[in-house]
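# Summary of structural features
One-letter residues, chain by chain:
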Amino acid sequence: MKRIYMDNNATTAVRPAVLEAMLPYYREHFGNPSSLHWAGREVGSALDQARRQVADLLNCEPAEIIFTSCASESNNLAIKGTAEALQSRGNHIITTAVEHPSVLNPCKYLEKRGFEVTYLPVDGYGMFDLRQLEAAITERTILISVMWANNETGTVFPLQEIGAIARRHKVRLHTDAVQAIGRLPVDVQAAGIDLLAISGHKFGAPKGVGALYVRRGTKLTALIHGGHQELGRRAGTHNLPGIVGLGKACELAAAELETGSERLRTLRDRLEQGILAAIPECQVNGHPSQRLPNTLNLSFAYIEGEAVLLFLDMQGVAASSGSACMSDAFSQSHVISAMGIDPMMANSAIRFGLGPDNTEADVDHLLSILPPIVQKLRDMSPFYHERTPSRATVNS
Ligand code: PLP
């Protein structure tokens, strides 16, 4: 059976050039970069090079990069580290209702400890109102935390405009840029960002490595205390092979950004148009134009998204119903709910996340198997048989 992986927003395959770059750091160059002897010295330059590769992609200084274990850690460090460092200045944080749990849950944690959090609502495209953001800022606001692009719908927030608002009010700006890396240009200077989280496994590096950009001079309290690694901001022996892989993946992302994302957009549009043409009463969830080039989130009236995924899986296609972290939580996606989508359509939302290994043949294969799956499930659905004429015209 042909296997097609279209869940690249959940994780990606390690790219061959990334693996090649990493292997020597498992074999011959196994030293600890904090050691003073030859084995440590010979890997120190690899750590420096990786830091430079990450910094080049983000347009910042190498000294502004902290290596972490994942983006969840980076987001926790950015949010809790800011809260603790700036608590004498204020206790108010602004975020959005559609952030990843690694942002929402640190915010909830801080709420239990006396901080106030504003969760900006979003519209049907998953976009929030910049005027509402500006109106929410008070004297006590110490942090704005908004994602660059949504992992479930692909909706892209206008970071440049958000950065201008944050600067005007002298409020620190953090962004979870996990889904934007390798898919959109990400420039911390142009957008005026103070803290930015990335994750290796979302763009061709391995799992277990991430980074946090911290603008020079930004006060941040460490979460992990121990040795002096990362200038005392994140203790723990460096995951050198992972860090080397992250650096290489950043180098590739910078070199291939334009052609890679255009290719993804062409494939995604082919899939989107093919599905909309073949399947009546289905809708795209997310912004029509301000959307990641690889992401397609769709709802099909009258049926459950989980059932579609199961049938796709039986035919070798890996897609998902939203965030991989929530896939066993049996709850409706908080992102789709926040967008105010009709509960029946919300229950049927599924996400395709295309990646560099997908081809036109993959898209065409999917287009040949998905319409019959949806029709089969509709034939079994009481809602389909009981549908009213007004329902039948929704988004058809
Ligand atoms: N932020 C976003 C937008 C994500 O999509 C994810 C992963 O699903 C994360 C954060 C967490 O990344 P990690 O798996 O590196 O902790």
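Sequence order as written defines residue numbering, which begins from 1 separately in each chain. Reporting of local features is limited, given that this is a predicted model, to residues whose pLDDT is at least 70; pairs of side-chain atoms are given and counted only at 80 or more, and all residues count toward the totals for whole chains, interfaces and linings. Water and hydrogen atoms play no part in the side-chain values, which are based on all heavy atoms of the structure.

## Examining the site of the ligand
Under the convention used in this document: The rule for a residue being near a molecule or strand is that one of its heavy atoms must lie within 4 Å of it. As used in this structure description, the phrase polar contact means that two N or O atoms lie within 3.5 Å; if the pair is within protein, one of them must be able to donate a hydrogen and the other to accept it, and residues adjacent in sequence are counted only when both atoms belong to side chains. For helices the rule is a DSSP run of H or I covering at least 4 residues; for strands it is a run of E covering at least 2, with both sets numbered from the N terminus onward.
The full set close to the ligand counts 14 residues, and Ser-72, Asp-176, Gln-179, Ser-199 and Lys-202 are the nearest of them. Here an oxygen atom of the ligand and a side-chain polar atom of Ser-72 are 2.6 Å apart. The contact in question runs from an oxygen atom of the ligand to an N or O atom on the side chain of Gln-179, over 2.8 Å. Among the elements that make up the shell around the ligand, the one with the highest residue count is helix H3 (residues 71–85) (three residues).

## Let's talk about the environment of Phe-30
Worth spelling out the cut-off: Buried, partly exposed and exposed residues are distinguished by accessible area as a fraction of the type maximum, computed with a 1.4 Å probe on protein chains only: under 20%, between the cut-offs, and over 50%, respectively.
Structurally, Phe-30 can be placed in the loop between helix H1 (16–22) and helix H2 (38–58). On the basis of relative accessibility, which here comes to 56%, the residue Phe-30 falls in the exposed class. A sequence separation of ten residues divides Phe-30 from Gly-40, and the C-alpha atoms of the two residues are 8.3 Å apart.

## Notes on the nonpolar core
In plain terms, the rule: Nine residue types can take part in a nonpolar core, namely buried Ala, Val, Leu, Ile, Met, Phe, Trp, Tyr and Cys, and a core is a set of them joined through side-chain atoms within 4.5 Å. What counts as a domain boundary in this text is fixed by an automatic or database domain assignment. Should any heavy atoms of two residues lie within 4.5 Å, those residues are considered in contact.
Leu-58, Ile-144, Trp-148, Ile-162 and Leu-196 are the most contacted members of the largest nonpolar core, which totals 72 residues. For this core, the two domains that each supply at least three residues are domain 1 (4–10 + 257–391) and domain 2 (16–253). If near-sequence neighbours (up to four positions away) are discounted, Leu-196 is found in contact with Leu-58, Trp-148, His-174, Thr-175, Ala-177, Val-186, Val-188, Ala-211, Leu-212 and Tyr-213. The next biggest cluster of nonpolar side chains, apart from the first, holds 28 residues, and it includes Ile-279, Val-308, Phe-311 and Phe-352.

## A closer look at the domain arrangement of the protein
Heads up, the condition is: The buried area of a pairing is the accessible area, by a 1.4 Å probe, that goes missing from both parts when the two are put together, added over both. Note on definitions: salt bridges are taken to be side-chain nitrogens of Lys or Arg within 4 Å of carboxyl oxygens of Asp or Glu. Three residue categories are used. Nonpolar comprises Ala, Val, Leu, Ile, Met, Phe, Trp, Tyr, Cys and Pro, charged comprises Asp, Glu, Lys and Arg, and polar comprises the others, including Gly.
When the domains of the protein are assigned, the result is domain 1 (4–10 + 257–391) and domain 2 (16–253). One C-alpha centre belongs to domain 1, the other to domain 2; they are set 29 Å apart. Taken together, the contact between domain 1 and domain 2 spans 27 residues of the former and 29 residues of the latter. Ranking the residues of domain 1 by area buried against domain 2 places Leu-257, Leu-292 and Met-339 at the top, with a combined share of 26%. Between the two partners, domain 1 and domain 2, sit zero salt bridges. Counting every contact that joins domain 1 to domain 2 gives 14 residue pairs in polar contact (both at pLDDT 80 or more). Among the elements of the structure, helix H8 (240–278), strand S10 (295–300) and helix H10 (334–338) are those that each provide at least two residues to the side of domain 1 that touches domain 2. The leading source of residues in the side of domain 1 that touches domain 2 is H10, at four residues. When its residues are assigned to classes, the side of domain 1 that touches domain 2 shows eleven nonpolar, 14 polar and two charged.

## Things to note about the packing of H2 against H8
To be explicit about the condition: Axis definition: a line fit to C-alpha positions, over the contact stretch in the case of helices; interaxial angles, taken between N-to-C directions, run 0 to 180 degrees. Less than a right angle of anticlockwise turn of the near helix away from the far helix marks a crossing as left-handed, whereas a clockwise turn marks it as right-handed.
Where H2 contacts H8, the axes come no closer than 8 Å and their chain directions differ by 35 degrees. Crossing angle aside, the handedness with which H2 passes H8 is left-handed. Within the contact between the two elements, H2 uses Val-43, Ala-46, Leu-47, Ala-50, Gln-53, Val-54 and Leu-57 and H8 uses Leu-240, Ile-243, Val-244, Leu-246, Gly-247, Lys-248, Cys-250, Glu-251, Ala-253 and Ala-254. Per-class residue counts for the contact of H2 with H8 are 13 nonpolar, two polar and two charged.

## Overview of the side chain of Thr-175
Structurally, Thr-175 is set in strand S6 (residues 172–176). Among all residues touching Thr-175, those that are not within four sequence positions of it are Val-146, Met-147, Trp-148, Leu-159, Ile-193, Leu-195, Leu-196 and Ala-197.

## Concerning the sheet that holds S10
Counted only if it meets this: At least two bridges found by DSSP between two strands is the condition for calling them paired.
Strands sit in the order S9-S10-S12 across an open sheet of three strands; the sheet is antiparallel. Of all the strands in the sheet, just strand S9 (282–285) and strand S12 (350–353) have a single pairing partner and so form its edges. Each adjacent strand pair in this sheet contributes to an overall mean axis angle of 30 degrees, direction not counted. Pairing analysis gives four bridges linking S10 to S12, with the strands arranged antiparallel. Pairing of Thr-295 across the sheet is with Gly-353, part of S12. Sitting on the sheet, H8 is in contact with S9, S10 and S12, with an inclination near 10 degrees to S10.

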